[in-house]
Amino acid sequence: MSEDLGFLIGDTARLMRRAFDERVRNKGITRPQWRVLGLLNRFGGSTQVTLAEMMDVEPITLGRMIDRLQDAGLVERRADPNDRRAWRIHLTPTGESRLDDLKPLATELFADAVSGLTDKQQADLEAMLDIIRLNLTRKSPEAANG
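Residues numbered from 1 in each chain as written. Predicted model: local features only at pLDDT ≥ 70, side-chain atom pairs only at ≥ 80, totals over all residues. Heavy atoms only, no water.

### Focus on helix H3 (residues 48-55)
Worth spelling out the cut-off: Relative accessible area decides the class of each residue, using a 1.4 Å probe on protein chains only: under 20% of the type maximum gives buried, over 50% gives exposed, and in between gives partly exposed. Here a helix means four or more residues in a row that DSSP labels H or I, a strand means two or more in a row labelled E, and each is numbered from the N terminus. Throughout, the arc means the angular range of directions from the helix axis out to the C-beta atoms. Two residues qualify as a contact provided that any one of their heavy atoms is within 4.5 Å of a heavy atom in the partner residue.
Residues of H3 that are buried: Gln48, Leu51, Ala52 and Met55. The buried residues of H3 occupy an angular sector of 100 degrees when the element is viewed end-on, so they sit on one face. In this structure, the buried residues of H3 make contact with helix H2 (31-42), strand E1 (46-47), helix H4 (59-71), strand E2 (75-80) and strand E3 (83-91). Phi for Asp56, located one or two positions after H3, is positive at around 60 degrees.

Encoded structure:
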């Protein structure tokens, strides 16, 4: 395996982030905010701590993002019925609508990124990246056994 693979994956991710930022610049939302909305679409009702872990940011950083999204009417905090200290974060109908408005931009970006690849190559690439992600998210035997 080429030592350049890690650099290639990292550089590709950086370029995709940059391209996305350019496409949403005038839409009044940042990439991290888009990511919060996307995660809530998939994992609605998550706690701030769980969302922060998924985004690889500190909970206080995510808390400020949630504050701004809540001020914009895109998300809402609801008390966790099982933990008085925790808040569950949910998309509002406005947040769902905003996400629906932005999805075509992301779809177009992905189409541009994989142009020139056949449908099979795209499916193979996605499958390979899924395997790499799974390999990287698996706990080591030592960590799994405490």
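Here the narrative resumes, following the displayed structure.
### Focus: the nonpolar core
For soluble globular proteins, nonpolar side chains are generally found buried alongside one another. Here is the rule: The criterion is simple. A nonpolar core is a set of buried Ala, Val, Leu, Ile, Met, Phe, Trp, Tyr and Cys residues joined through side-chain atoms within 4.5 Å.
If you look at the biggest cluster of nonpolar residues, it comprises 25 residues, and the most contacted ones within it are Val36, Leu37, Leu40, Leu62 and Val75. Mapped by element, the contributors of at least two residues to this core are helix H1 (4-24), H2, H3, H4, E3 and helix H5 (93-113). Ignoring any residue separated from it by four or fewer positions in sequence, one finds Leu37 in contact with Ile29, Leu69, Leu74, Val75, Leu91 and Leu99.

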